[in-house]
Amino acid sequence: KNQVEQSPQSLIILEGKNCTLQCNYTVSPFSNLRWYKQDTGRGPVSLTIMTFSENTKSNGRYTATLDADTKQSSLHITASQLSDSASYICVVVGGYNKLIFGAGTRLAVHP
Amino acid sequence: GAVVSQHPSWVICKSGTSVKIECRSLDFQATTMFWYRQFPKQSLMLMATSNEGSKATYEQGVEKDKFLINHASLTLSTLTVTSAHPEDSSFYICSARSVGANVLTFGAGSRLTVL
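In this text, all values refer to a predicted model and were calculated from it rather than measured experimentally. Throughout, a residue's number is its position along its own chain's written sequence, starting from 1. Note on labels: chains are lettered from A, ligands numbered from 1, in written order. Where totals are concerned, whole chains, interfaces and linings use all residues; where local detail is concerned, this predicted model gives features only for residues with pLDDT of at least 70, and gives and counts side-chain atom pairs only at 80 or more. Side-chain metrics rest on all non-hydrogen atoms present in the structure, leaving aside hydrogens and water.

Cavities and pockets were defined on a 1 Å grid built from protein atoms only: a cavity is a group of points that admits a 1.4 Å probe but offers it no way out, a pocket is an open group of points flanked by protein on both sides within 12 Å along at least five of seven lines, and a lining residue is one with an atom within 4 Å of any such point. Grid points are joined across faces, edges and corners, and a volume is the space filled by probe spheres set on the points. Size it by volume and the largest pocket reaches roughly 500 Å³. Segments assigned H or I by DSSP are reported as helices when at least four residues long, segments assigned E as strands when at least two residues long, and all are numbered from the N terminus. Where the lining of the largest pocket is concerned, the elements lending two or more residues are β10 (99-101) of chain A together with β5 (45-51) of chain B. In the lining of the largest pocket, the residues fall into ten nonpolar, five polar and seven charged. By volume, the second largest pocket amounts to about 400 Å³. Lining of the second largest pocket is provided by 20 residues; of these, Thr40, Gly41 and Ser87 of chain A together with Gln38 and Lys41 of chain B occupy positions nearest its centre. Among the elements of the structure, β9 (86-94) and β11 (105-110) of chain A are those that each provide at least two residues to the lining of the second largest pocket. Of the residues forming the lining of the second largest pocket, the biggest block, three residues, is contributed by β9 of chain A. Taken together, the residues of the lining of the second largest pocket break down into seven nonpolar, nine polar and four charged. Under the scheme applied, nonpolar residues are Ala, Val, Leu, Ile, Met, Phe, Trp, Tyr, Cys and Pro; charged residues are Asp, Glu, Lys and Arg; polar residues are all the others, including Gly.

Here it is, written out as structure tokens:
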């Protein structure tokens, strides 16, 4: 069964600290993996898109990694800011461009 | 970059009325648009896939007569919630995929409250 599991479910960190969010998947076939940031009451915004051959991709303070062998991805946030408070959703695109969504990690950055 | 606009961003209606939500790709053509529903603190649930010029494909458990989808052009898809009831209150989000590209852009969402 195609599944995307994210951990932790929620996370609280202090402003300026780093954090890492995890995404494990069992999707096959695999096309690409995407990380989205969703602010409360808004639509998701793309952070990174990674294909099978890519191990690391950065977007500012966000760095995503992908291990296609173990089917794991992580999103690392460096020097967190209050505006990073949001839900982070891992999405795996499988066969026929079907999107499988993770449940998301809710991140709260406190001053 | 690709922009998807949803309208209205929020709507309150009486039970039994119908509500239409529009999803527009502003600066690109989208052969495929997707409609999602999101409950509080949960992830997005795909409701249907909308292809320009053809009937939408609904996910299992989604009533097609309840949630009418029209994708009349390459830049516009609409979702109509017919005879809305309080349990239809939710956050509805659309996304659009560019023609020939691997970019999927989401709208800002529409919050529906049925009284």
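Here, residues are in contact when the closest pair of their heavy atoms is within 4.5 Å. Tallying the contact residues gives 17 residues for chain B and 17 residues for chain A. When chain B packs against chain A, the two sides together hide about 1400 Å² of surface, and 52% of this comes from carbon and sulfur. Definition used for salt bridges: Asp or Glu carboxyl oxygen within 4 Å of a side-chain nitrogen of Lys or Arg. Viewed at the interface, chain A and chain B are joined by one salt bridge. Measuring nitrogen to oxygen at the nearest pair gives 3.6 Å for the salt bridge that ties lysine 98 of chain A to glutamate 59 of chain B. When two parts are put together, the accessible area they lose, computed with a 1.4 Å probe and summed over both, is reported as buried area.

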